[in-house]
Protein chains: 2
Amino acid sequence: MRWEELDREPCSLARTLSVVGDRWTLLVLRECFLRIRRFEEFEQRLGIARHVLADRLKKLTEAGVLAKVAYQERPRREEYRLTEKGLALYPALLALLDWGDKYMAGPEGPPLLRRHKTCGHVVHAASVCSECGEPLDARAMTVEPGPGAPANFSIPQRPSKSAVDK
Amino acid sequence: MRWEELDREPCSLARTLSVVGDRWTLLVLRECFLRIRRFEEFEQRLGIARHVLADRLKKLTEAGVLAKVAYQERPRREEYRLTEKGLALYPALLALLDWGDKYMAGPEGPPLLRRHKTCGHVVHAASVCSECGEPLDARAMTVEPGPGAPANFSIPQRPSKSAVDK
DNA sequence: AAGAATGGGTTCCGAAATAGAACTTGTCAA
DNA sequence: TTGACAAGTTCTATTTCGGAACCCATTCTT
């Protein structure tokens, strides 16, 4: 499977990855959420090759995740801003980040904290069920075909045993 | 920046990406959460090159996300199972998936639905503040250095005017 | 006993993506 | 006239990937 085919897979994760499924793209988005907006800033902060950065910004813009906004004319200069579609990726970024805080931080703890303006606390993201509000656990979920499922969609239904504890 | 350097970045997102930050790895994990466990099954369902699959399974195992478990002796056969650390990635996968359901699904709707055994409803993940329980929004968050922050850690606070050093 | 099948890989090659550096373009200021 | 700045584009060398073939220990089929 190639990158170009990914967005046609009958899987929302695959389709998401066709937009943000590479290392640099996610790091560019991290910077966007830190309010970084300009080409040179991305380049300096990330240490990314310029043409790779140009490519990722172009793709994210085409995907509607970022929008180019002129911040001056003559010479025309443009910066990249998150759209609503881009801002909607925040929970995903935060979930990855929280996992890193928990499993990849050194003994000192995480390098960056987030404070919720609304309640004033240092927070992390909690992933809860949209219906009952309970924290979500992979073992409490089953899957079934949705309206966009192809005709012969196979969903493996195997006996599920608990995972091995590390 | 190379892959090998990513896990030493002072950023939990970068460190997470050093483990799961590539397309195939996330798709392998998708299959794991669908209870796929064996080499041949991963290969057939994903259409991934075998040596790439072998490499990703090895790296995920070394990272403690998967564990190799023998399911028969003579001949010895092993399968890959999510550890607790791996299961903890579920909210992140689900957040990416929900974004895809919302922004990348065709007019028919998403191909796969998830049902919460606990409450019986078809659900999606909601990302809420761990302290006040309100839904999280990127614009309601500020960042500040955490205990693991390096000495001269620069955090851009305002919309960028001039270059912000790293 | 010979040959095929099974599961889980490894090896090889050409194609594609990446890193790093140099070059381009439009504009203004010294 | 030269230089600086921002935002790219182009070049080459290296790395990774896709696809196919091959390997190997064991068990099944005939």
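This one's a predicted model, so the numbers in the text were calculated from it and none came from an experiment.

(A) Fine view of the relation of the copies chain A and chain B. When chain A is fitted to chain B, the residual RMSD is 0.1 Å, and the transformation amounts to a turn of 180° plus an axial shift of 0.0 Å. Taken together, the turn and the small shift mark the pair as related by a two-fold rotation axis. Both copies present the same face, since 97% of the interface residues in chain A are matched by interface residues at the equivalent positions in chain B.

(B) Broad picture of the sheet that holds strand β6 (residues 141-145) of chain A. Ordered in space as β6(A)-β3(B)-β4(B), the three strands form an open sheet in which the pairing is antiparallel. The sheet terminates laterally at β6 of chain A together with β4 (122-123) of chain B, the two strands that pair on one side only. As defined by bridge partners, β6 of chain A adjoins strand β3 (residues 112-116) of chain B across five bridges and the pair is classed as antiparallel. What sits directly across from Pro145 of chain A, in β3 of chain B, is Leu112 of chain B.

(C) Structural context of the domain arrangement of chain A. All names here are of chain A. Split into domains, chain A comes out as domain 1 (1-83) and domain 2 (89-139). A separation of 23 Å is found between the C-alpha centroids of domain 1 and domain 2. Taken together, the eight residues of domain 1 in the interface contact five residues of domain 2. The contact between domain 1 and domain 2 buries some 490 Å² in all, and 92% of this surface belongs to carbon and sulfur atoms. For the pair domain 1 and domain 2, the number of links is zero salt bridges. Run the count over domain 1 and domain 2 and you get zero residue pairs in polar contact (both at pLDDT 80 or more). For the side of domain 1 that touches domain 2, the leading source of residues is helix α3 (residues 23-33), giving four residues. Split into classes, the residues belonging to the side of domain 1 that touches domain 2 amount to six nonpolar, no polar and two charged.

(D) Fine view of the layout of surface pockets. Empty space within the largest pocket amounts to approximately 1,000 Å³. Elements with a minimum of two residues in the lining of the largest pocket: α6 (84-87), α7 (90-103) and β5 (125-129) of chain A together with α7 (90-103), β3, β4 and β5 (125-129) of chain B. Of the residues that constitute the lining of the largest pocket, the class distribution is 26 nonpolar, four polar and 10 charged.

(E) Fine view of the interface of chain A and chain B. In this assembly, 106 residues from chain A lie in contact with 110 residues from chain B. Carbon and sulfur atoms make up 64% of the surface buried where chain A meets chain B, a total of about 9,900 Å² over both sides. Taken as a group, Arg23, Trp99 and Pro111 of chain A account for 8% of the area that chain A buries against chain B, more than any other trio of residues on that side. At the boundary of chain A and chain B, one finds four salt bridges. Residue Glu84 of chain A is joined to Arg139 of chain B by a salt bridge in which the shortest nitrogen-to-oxygen separation is 3.0 Å. Element by element, the count of residues in the side of chain A that touches chain B is highest for α7 of chain A, at 12 residues. Across the side of chain A that touches chain B, the residue classes break down as 59 nonpolar, 21 polar and 26 charged.

(F) A look at the sheet that holds strand β4 (residues 122-123) of chain A. Spatial ordering of the open sheet is given by β4(A)-β3(A)-β6(B), a layout of three strands whose pairing is antiparallel. Every interior strand has two partners, whereas the edge strands, β4 of chain A together with β6 (141-145) of chain B, have only one. As judged from the two bridges shared by strand β3 (residues 112-116) of chain A and β4 of chain A, these two strands associate in the antiparallel manner. The partner of Arg114 of chain A across the bridge, within β4 of chain A, is Val123 of chain A.

(G) Quick peek at unusual backbone geometry. Between Arg74 of chain A and the following residue, Pro75 of chain A, the backbone shows a cis peptide bond with an omega angle of -10°. Summarising the element assignment, Pro75 of chain A is placed in the loop between β1 (66-72) and β2 (77-82). The phi dihedral of Arg35 of chain A is positive, around 70°, even though this residue is not glycine. Arg35 of chain A sits in the partly exposed class, given a relative accessible area of 25%. Residues other than glycine seldom take positive phi values, yet Arg74 of chain B does so here, at roughly 50°. Tracing the chain through its elements places Arg74 of chain B in the loop between β1 (66-72) and β2 (77-82).

(H) A look at the packing of aromatic side chains. Applying the stated criterion across every chain yields a total of four aromatic pairs over all chains. Ring plane angle 50° and centroid distance 5.0 Å describe the contact between Phe33 of chain B and Tyr90 of chain B, whose orientation is recorded as tilted. You can see Phe33 of chain B sitting in helix α3 (residues 23-33) and its partner Tyr90 of chain B sitting in helix α7, a full 57 residues away along the chain. Classification of Tyr90 of chain B by relative accessible area gives buried; the value is 7%. Plain terms: the ring middles of Trp99 of chain B and Tyr103 of chain B are 5.4 Å apart, the flat faces sit at 40° to each other, and that makes the pair tilted. Note that Trp99 of chain B and Tyr103 of chain B are positioned in helix α7 at a spacing of four residues, about one turn of the helix. Classification of Trp99 of chain B as buried rests on a relative accessible area of 2%. We classify Tyr103 of chain B as partly exposed; its relative accessible area is 26%. Of note, Arg38 of chain A hangs over the ring of Tyr71 of chain A, and the distance from its end group to the ring centre comes to 3.7 Å.

Definitions and cut-offs
- The numbering scheme is per chain: residues are counted from 1 as the chain's sequence reads.
- Each chain takes a letter, starting from A, and each ligand takes a number, starting from 1, following the order in which they are written.
- Thresholds applied to this predicted model are a pLDDT of at least 70 for local features of residues and 80 or more for the giving and counting of side-chain atom pairs; totals over whole chains, interfaces and linings are not thresholded and use all residues.
- Excluding hydrogens and water, the side-chain figures rest on all heavy atoms present in the structure.
- Our superposition of the copies is a least-squares fit, built on the C-alpha atoms of residues whose pLDDT is at least 70 in both.
- Residue contacts are counted whenever heavy atoms from the two residues lie within 4.5 Å of one another.
- Pairing between strands requires that DSSP locate at least two bridges from one strand to the other.
- Put simply, DSSP H or I for four residues or longer makes a helix, DSSP E for two residues or longer makes a strand, and each gets a number counted from the N terminus.
- Throughout, the edges of the domains are those of an automatic or database domain assignment.
- Two parts placed together each lose some accessible area; with a 1.4 Å probe, that loss summed over both constitutes the buried area.
- In what follows, salt bridge is the name for a side-chain nitrogen of Lys or Arg lying within 4 Å of a carboxyl oxygen of Asp or Glu.
- Two N or O atoms count as a polar contact when they lie within 3.5 Å, although within protein this holds only if one can serve as hydrogen donor and the other as acceptor, and sequence-adjacent residues are included solely when both atoms are side-chain atoms.
- Any residue that is not Ala, Val, Leu, Ile, Met, Phe, Trp, Tyr, Cys, Pro, Asp, Glu, Lys or Arg is counted as polar, Gly included; the first ten are nonpolar and the last four charged.
- The way it works is a 1 Å grid over only the protein atoms, where trapped points that fit a 1.4 Å probe form a cavity and open points with protein on both sides within 12 Å along at least five of seven lines form a pocket, and then any residue with an atom within 4 Å of a point lines it.
- Grid points are joined across faces, edges and corners, and a volume is the space filled by probe spheres set on the points.
- The cut-offs for exposure are 20% and 50% of the maximum accessible area for each residue type, with area from a 1.4 Å probe on protein chains only; residues under the lower value are buried, those over the upper are exposed, and the others partly exposed.
- What counts as a ring pair is set by centres within 6.5 Å for rings of Phe, Tyr and Trp (its six-membered ring), and what kind of pair is set by the plane angle: stacked under 30 degrees, edge-to-face over 60, tilted for all other angles.
- To sit over a ring, a charge needs its Lys NZ or Arg CZ within 6 Å of the ring centre and within 35 degrees of the ring normal.

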